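Structure assessment
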Amino acid sequence: MATTDLRTGGLERHGLSDQQLRDIFRNMLLQRQLDNRGFQLNRQGKVPFALGSEGHEALQAGAAMAFNRGSDILAPYYRDLGLCLGIGLSPYEIMLSIFARAEDHNGGRQFPNHYSSKQAGLMSFSSILAAHLPHAVGAAYALKYRGDDGRAVLATCGDGTTSEGEWHESMNFAAVHKLPFVMLVENNEWAISTPLEKQMAQPEIWKRAEGYGMPGCRFNGFDPIETYAAVKNAMDRARSGGGPSLIEGTCYRYLAHSTDDNDMTYRTREEVSERRKHDPVPAFEAVLLERGIVTPQDVAAMRKDVLRETNEATDAAEALPYPKAEDLYTHVYEGAWQPWQS
Amino acid sequence: MAVVSSTSSTVMNNVEAVRATLYEAMRNDDRTIILGEDVGARGNVFLITKDFIGEFGEARVIDTPIAEASIVGIAVGMAMEGLRPIAEIQFADFIYPSFNQIVGEAAKIRYRSNGEYTCPLVIRTPYGGGVRGALSHSVSIEALFYHVPGLKIVAPSFPDDVKGLLNSAIDDPDPVLFLEHKKTYRLIKGEVPDGHYTIPLGKARVRKAGAQLTVVSYGLYVHWAIEAAERLEKEGLSVEVIDLRSIRPMDKTAILDSVRKTRKLLIVHEDNKFGGVGAEIGAMVAEEALFDLDAPIRRLAAPDVPAMGYALPLEEEYMSSPAKMAETMREMVKF
Ligand SMILES: Cc1ncc(C[n+]2csc(CCOP(=O)(O)OP(=O)(O)O)c2C)c(N)n1
């Protein structure tokens, strides 16, 4: 895949309209705002835990633009805030998850960032790395089996997760059955404190595609348009019966793994600030300004709007109650099953 | 027995009952998909699904790669997306790679999504010993899964139950682990009602009525317990044998009703004794009916060694037998 140079006037749009480009940028701003809010709320002692996706904004906002709402299925992982926003989850729903409120899709049962919405085509997933990938493949099998043409499953994970057996098993099965399945790896170079070189001897993850018998590519995940093009190609291929692909977006994780992690125990401040120079949010802003797709006033208004939306979502979710204690006992089985049936 | 739509019946063994039930399920609902190792062209190692692939096609009878975690995991995804997969683990001994998909995923999907997603999945697997299967083709796995809310576990002993319970498992909106004792596959024959019928999960069946001792069991050992009880009957001793059929949910009422009548309880199972199903039943009866008992609760189960051996004396020492059961029953009745 050719690298799109965003800065030198070589901006290929890959069919994206001005409005779509602005939507991608707004998603990136919103993602960063909500991310920061989660960490803030944790420091204020209001929530016990938060995860961040800073550095993944371009990758996720671009990927979400290639998702067909109401038709495709998303099997994400816990770092996919921007992807989930981009396919239709609202900031309010995100905050319900962070605050573990009763109104949350999961009823306050799952860790934050484990979004789920049947209506949005967002599959429920657990914290067990790679366990969601066979589910995504099973869903892709169901689409193909029913002849649901034009639909595909987009699954994501981090670089570290590609070491799991279920990752390999999923790729293999998807390839054997030529399923409408796209494996998008978000390579941020770290898996908590474990760097790529301890995770794998051959760090070009996309190259494994050949071994499974499917196409693959690597793209610059700091570039939302390049990401969009790569994901769209793979999804279109899957939707039209062409089978699965393995695509890898390179990015970086700017924050610690979670609010429970101190990344200075395994990497240096210099490394992080060096990578900050390529921060995709200001970079994409500069491109949009340069191309005249937004004005400085537009950007200011967007930032203000995103902050307002985040504040409103925070206040609205915070004001809601937790689930009731007796909600612990529901949805174990259908109906009111007890472990001892009389 | 629920909803028997026919008064006629056919004599079948357990493996034929599994086959007939799967066949009907495949014919009746095209959301039903069978997946597992060698289930297609060969029709699984016990030939249960032989000829299915010809009739239902490769898309519905999937010969999977040898990868148990994904056999179950893919079935979970199919179920979440509206299909009705029946996954097969070739032998229960090979289920461990899929442990997380069963325990960590399938059993929790309804709960973790607050009811938004469900996982109507059946996992069938042959288990158990007495077939010279050595360490790796003989295990009982129920206790490892029995601990897990969100999962149901069924272990029928008779062919009529195989059909009724497998139909219920397939209809069930939650994941069901369906354990088939492989020694009973061809050994045990019986009348199986024709037509479609279901037996509710969680209902035990009194397979032999008696007055002086309650024996609770499941799987192959139900047959041996009945044989032992019949021997005692000739000695004038009366033993009641309860076939649990479902291990979870479990029929607490049937156990307590019987224990309150006979005042003595023996639990027999093939799985290891420590932390086994018998431990749970014993604790439950001690909590609920201690003062109705006239003797200590006893368990006859496998010794706490990792597995039965291949050599015949090692297999026989590990397993119980009608003779061992009769001896324990006699001691308990006379206590
Ligand atoms: C099966 C399993 N093992 C370990 C963990 C603990 N864990 C949570 S996140 C993580 C790192 C994942 O790294 P990667 O896949 O690269 O994704 P990233 O967090 O970097 O986006 C680990 C080891 C887990 N959740 N599940």
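It should be emphasised that the depicted structure is a prediction, and the values quoted were computed from it without experimental measurement.

Time to look at the side chain of Asn27(A). Residues and elements named next belong to chain A. Structurally, Asn27 can be placed in helix H1 (residues 18-43). Under the relative-accessibility criterion, Asn27 is labelled buried at 9%. At 3.1 Å, the side chain of Asn27 forms a polar contact with the backbone oxygen of Gly82. If we ignore the near neighbours within four places in the chain, the residues touching Asn27 are Ala61, Gly82, Leu85 and Gly86.

Each side of the interface is counted separately: chain A has 45 residues, and chain B has 53 residues. Taken together, both faces of the contact between chain A and chain B bury some 4100 Å²; the carbon and sulfur share is 58%. On inspection of chain A and its partner chain B, the count reaches one salt bridge. The residue Glu81(B) makes a salt bridge to Arg146(A) at a minimum N-O spacing of 2.9 Å. At the level of secondary structure, the elements contributing two or more residues to the side of chain A that touches chain B comprise helix H5 (132-146), helix H6 (165-176) and strand S8 (340-341) of chain A. Sorting elements by how many residues they give to the side of chain A that touches chain B places H5(A) first, with 10 residues.

All names here are of chain B. There is a patch of nonpolar side chains on the surface, built from Tyr96, Phe99 and Leu144 and spanning about 260 Å² of accessible area. Structurally, the position occupied by Tyr96 is in the loop between strand S4 (84-88) and helix H4 (99-105). A residue is classified by how much of its surface remains accessible, and Tyr96, at 41% relative accessible area, is partly exposed.

Let us look at helix H4 (residues 91-99) of chain A. The α-helix advances 3.6 residues per turn, and as a result positions three or four apart in sequence lie on the same side. All names here are of chain A. Most of H4 sits out of view: eight of its nine residues are buried. Tucked into the core, H4 has its buried residues touching H1, helix H3 (81-86) and helix H12 (296-318). Within two residues after H4, Ala100 carries a phi angle of roughly 55°, on the positive side.

Pairing between the strands of a sheet comes from backbone hydrogen bonds, and it takes one of two forms, parallel or antiparallel. All names here are of chain B. Taken together, the five strands give an open sheet; going across it, the order is S9-S11-S10-S14-S15, and neighbouring strands pair in mixed fashion. Two strands close off the open sheet at either side, each with one partner strand: strand S9 (205-208) and strand S15 (298-302). Each strand of the sheet is rotated relative to its neighbour by a mean of 25°, with strand direction disregarded. Strands strand S10 (213-217), strand S14 (265-272) and S15 of the sheet are contacted by helix H11 (residues 277-289), whose axis makes an angle of about 155° with S14. Helix H13 (residues 322-334) contacts S10, strand S11 (239-243), S14 and S15 of the sheet and is inclined by roughly 170° relative to S15.

Time to look at empty space enclosed by the protein. Residue and element names in this part refer to chain A. Using the criterion set out here, one finds six cavities of 30 Å³ or more in the structure. Looking at the largest cavity, its volume works out to about 70 Å³. Lining the largest cavity are Tyr77, Tyr78, Phe125, Ser126, Ser127, Ile128, Leu129, Ala130, Ala131, His132, Cys157 and Thr161. Within the lining of the largest cavity, the residues separate by chemical class into eight nonpolar, four polar and no charged.

Turning our attention to the side chain of Arg79(A). Residues and elements named next belong to chain A. Structurally, Arg79 is set in the loop between strand S1 (73-75) and H3. The buried charged residue Arg79 lacks any salt bridge partner; its closest oppositely charged side chain belongs to Glu186, at an N-O distance of 6.8 Å. A polar side-chain atom of Arg79 sits 2.6 Å from the main-chain carbonyl oxygen of Gly52. Once residues lying within four places of it in the same chain are set aside, the contact partners of Arg79 are Leu51, Gly52, Ser53, His56, Gln60, Asn188, Arg253 and His257.

Here the focus is the pairing of strand S6 (residues 216-220) of chain A. All names here are of chain A. What you see with S6 is a clean split: Cys217 and Phe219 sit on the buried side and Gly216, Arg218 and Asn220 on the side with no burial. When S6 meets strand S7 (residues 245-250), the two strands line up parallel, connected through five bridges. Across the sheet, the residue bridging to Gly216 is Leu246, located in S7. Note on the crossover from S6 through helix H9 (residues 224-239) to S7: the handedness is right-handed.

All right, on to the packing of helix H9 (residues 220-234) of chain B against H13(B) then. Residue and element names in this part refer to chain B. Two numbers describe how H9 lies on H13: the axes approach to 8 Å, and their chain directions differ by 55°. The orientation of H9 relative to H13 falls into the category oblique. Seen from above, H9 lies across H13 with right-handed handedness. Of the residues in H13, those in contact with Tyr221, Trp224, Ala225, Glu227, Ala228, Ala229, Arg231 and Leu232 of H9 are Pro322, Ala323, Met325, Ala326, Met329 and Arg330. Here the residues of the contact of H9 with H13 sort into 11 nonpolar, no polar and three charged.

Below, the discussion takes up the layout of surface pockets. Residues and elements named next belong to chain A. Empty space within the largest pocket amounts to approximately 300 Å³. Lining the largest pocket are 15 residues, and of these Asp23, Asn27, Arg69, Leu85 and Gly86 lie nearest its centre. At five residues, H1 tops the list of elements feeding residues into the lining of the largest pocket. Residues belonging to the lining of the largest pocket are distributed by class as follows: nine nonpolar, two polar and four charged.

All names here are of chain A. Direction vectors running N to C along H1 and H4 enclose 20°, while the axes themselves pass 11 Å from each other. Compared by their axis directions, H1 and H4 come out roughly parallel. Seen from above, H1 lies across H4 with right-handed handedness. Across the interface between the two elements, Leu30, Leu34, Arg37, Gly38 and Leu41 of H1 pack against Pro91, Ile94, Met95, Ile98 and Phe99 of H4. Classifying every residue of the contact of H1 with H4 gives eight nonpolar, one polar and one charged.

Here we come to unusual backbone geometry. The amide bond that connects Arg248(B) to the next residue, Pro249(B), takes the cis arrangement and shows omega of 0°. Here Pro249(B) shows up in the loop between strand S12 (246-248) and strand S13 (250-251). One non-glycine residue, Ile192(A), lies in positive phi territory at about 45°. With respect to the helices, strands and loops of the structure, Ile192(A) is situated in the loop between strand S4 (190-191) and strand S5 (194-195). Under the relative-accessibility criterion, Ile192(A) is labelled partly exposed at 42%.

What follows covers the state of the cysteines. Tallying each qualifying case throughout the model produces zero disulfides over all chains. Free of any disulfide, Cys157(A) has its nearest neighbouring cysteine sulfur in Cys251(A), separated by 12 Å.

So, how was this worked out
- Residues numbered from 1 in each chain as written.
- Chains lettered and ligands numbered in written order.
- Predicted model: local features only at pLDDT ≥ 70, side-chain atom pairs only at ≥ 80, totals over all residues.
- Heavy atoms only, no water.
- Helix = DSSP H or I, 4+ residues; strand = E, 2+ residues; numbered from the N terminus.
- Buried < 20%, exposed > 50% of the residue type's maximum accessible area, 1.4 Å probe, protein only.
- Polar contact = N/O pair within 3.5 Å; in protein donor to acceptor, adjacent residues only side chain to side chain.
- Contact = heavy atoms within 4.5 Å.
- Buried area = accessible area lost by both parts, 1.4 Å probe.
- Salt bridge = Lys/Arg side-chain N within 4 Å of Asp/Glu carboxyl O.
- Patch = residues over 30% accessible without salt bridge, like charges linked within 9 Å, V, L, I, M, F, W, Y side chains within 5 Å.
- Areas by Shrake-Rupley, 256 points an atom, 1.4 Å probe, with all protein chains shown as cover.
- Pairing = 2+ DSSP bridges.
- Axes fitted to C-alpha atoms, helices over the stretch in contact; angles between N-to-C directions.
- 1 Å grid on protein atoms, 1.4 Å probe; cavity = no way out; pocket = protein on both sides within 12 Å on 5 of 7 lines; lining within 4 Å.
- Points joined across faces, edges and corners; volume = space filled by probe spheres on them.
- Nonpolar A, V, L, I, M, F, W, Y, C, P; charged D, E, K, R; others polar.
- Lys, Arg positive; Asp, Glu negative; His and termini not counted.
- Right-handed = clockwise from strand over helix to strand, strands pointing away.
- Parallel < 35°, antiparallel > 145°, perpendicular 65-115°, else oblique.
- Left-handed = near helix turned anticlockwise from the far one by under 90°.
- Disulfide = S-S within 2.5 Å.

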